[in-house]
Amino acid sequence: MSRRDRTPNLMNVYARWRPPTPSEAVAGEIDRGTSADGRPLVSVSVHRKDSASDRPWSSPAAFKTIFTPEDDNAAVYRAIIAPVIPNVLRGETCSFFAYGHSGSGKTHTIMGYDFEHTERLGLCLAATRQLFKELDALQQREGGHGFGVGLSLYELRKNSAFDLLNGRTECHIREGYDGKMHIRGQTEVLEGGKVRVQPIVQRPCWTYESLHQELQHSLGRRSVGSSTVHDQSSRTHAVLELELINRPLVEARQALIDRQSELVPVGKRATDISIEEQSNMVLRTAEGGWEPNPAYRPNQARIDEAVASKAEYEARVTAAEEHVAGVLESNSHTCLGGKMVFVDLAGAEYQRDKSGQPQTAKQTPQERQEGRQINTDLLALKEVIRAWSTNQPRIPFRSSPLTMVLREHFVGPKNATSAMIVTVSPAKAQYPATLNSLKYGSLVGAER
Ligand SMILES: Nc1ncnc2c1ncn2[C@@H]1O[C@H](COP(=O)(O)OP(=O)(O)OP(=O)(O)O)[C@@H](O)[C@H]1O
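Everything numeric in this text was worked out from a predicted model, so none of it was measured.

With that settled, consider the pattern of salt bridges. Under the definition given, this model contains 16 salt bridges. Residue Glu214 pairs with Arg203 through a salt bridge whose shortest N-O separation is 3.2 Å. Taken together, the residues span a long stretch of sequence, with Glu214 in helix α6 (residues 208-219) and Arg203 in strand β12 (residues 203-205) at a distance of eleven residues. Note that Arg259 and Glu262 form a salt bridge whose closest N and O atoms lie 3.0 Å from each other.

Quick look at the UniProt feature "binding site: ATP" (unreviewed entry) in the chain now. Residues given the UniProt feature "binding site: ATP" (unreviewed entry) here are Gly100, His101, Ser102, Gly103, Ser104, Gly105, Lys106 and Thr107. For Gly103, the position within the fold is in the loop between β6 (93-99) and α4 (106-110). Within the fold, Ser104 resides in the loop between β6 and α4. Not counting residues up to four positions away in its chain, the partners in contact with Ser104 are Arg18, Thr423, Val424 and Ser425.

So, on to the domain arrangement of the chain. Each domain of the chain was delimited in the assignment, giving domain 1 (11-246 + 334-445) and domain 2 (256-324). In this assembly, nine residues from domain 1 lie in contact with seven residues from domain 2. Remark: the boundary between domain 1 and domain 2 carries zero salt bridges. Inspection of the domain 1/domain 2 interface yields zero residue pairs in polar contact (both at pLDDT 80 or more). By residue class, the composition of the side of domain 1 that touches domain 2 is four nonpolar, three polar and two charged.

What follows is about the environment of Glu314. Take Glu314: it is sitting in helix α8 (residues 300-329). For Glu314 and Tyr208, which are 106 residues apart along the polypeptide, the C-alpha to C-alpha distance reads 38 Å.

So, how was this worked out
- Residues numbered from 1 in each chain as written.
- Predicted model: local features only at pLDDT ≥ 70, side-chain atom pairs only at ≥ 80, totals over all residues.
- Heavy atoms only, no water.
- Salt bridge = Lys/Arg side-chain N within 4 Å of Asp/Glu carboxyl O.
- Helix = DSSP H or I, 4+ residues; strand = E, 2+ residues; numbered from the N terminus.
- UniProt positions renumbered as here; feature names shortened; annotations may be inferred.
- Contact = heavy atoms within 4.5 Å.
- Domains from an automatic or database assignment.
- Polar contact = N/O pair within 3.5 Å; in protein donor to acceptor, adjacent residues only side chain to side chain.
- Nonpolar A, V, L, I, M, F, W, Y, C, P; charged D, E, K, R; others polar.

Here it is in structure tokens:
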């Protein structure tokens, strides 16, 4: 079945109004309304009545639900996350994006700031809690599965990823020979010339409590800087992945890393021997060119032995890859490999305040440059979602590091579902940025 024949991918877009801060409430809120007219999707309208030139704006019907300032994280969880938990337990991938300007409530929604009260947990922890409940129930019903949740958490900034589960180690984003993107972490040179390149850390957690602790600890490592709106803004995209795992899968993946590291010195030796033999077969001429060396007989047996040895180690890597795929396929329950991906996007940079003046006075040149990269990433993401949700044959994943990294979550072997939560502030002072976010969300939502 070609991509064109498939039913469109599901991308629901939601908007969430955060409560005003006390000072924002004093300075005034914008008028806002919601209209459904019996359609499945609702439109949102906003109006700041500060001057005669302010016009009301209404979105097309694009939003699945508009959450009010009174809706807590638990209400958002029930509406967006709870319905897709069964998909994850079928081994599918579900991705969630929080989009909005700095200070609009993305981190509050996705990661959460309260790690204790159930109704205030961020969506990722509330989801983890439910996943562990489901896995425990599965264990009680069928016994013997031993499933856990693998946690990865990293930030993306320009072309690098920073692994929050590994002391913010800088990792590089590379395309592998298999066409997949890999985030490569530390390189270790081991005994015998083996080179082990660690992927981004996935911490296996076998209980909810251990994952909760790990997450709380690692979120403390997120970087902060100055944005146009508030000082403690996250200046990176944070990506949190939860994967349903078991011990055989963890062991199979570790064995693959070991086989890959064994291949490195063997491959290098084969290349060195080939270059050496080829160099011996020619001589430098007086004019600086090259001519065949009649006295040299290439040592074909040496070349063949090195090539055969490399082929043997490549076959071991292939066998290890097949073993990983085999563990995923032959598993006693389809949930293995099911994923939830939460992306807390860096605040979109909106360069003008309500009087049209730039708001970047507090920013350094580096922060301004980061702001431009963030906007490029967000534009690229919008185009990817637009192409993906309408089943276009070509999806522009290569447009930014963010979309390159997210590629595997959109194009997997199993179905993928996705949702975007546009977080917005009711403050009059943030009206231009709020309008910008709602326009972005409505473009994505109305495309479906
Ligand atoms: N729905 C909400 N209910 C209560 N408080 C909220 C809500 N949304 C946001 N807040 C509060 O507003 C402040 C800013 O929110 P948050 O840090 O989540 O913004 P952000 O969009 O992640 O910003 P940035 O992109 O700059 O990191 C926080 O103190 C947060 O707790």
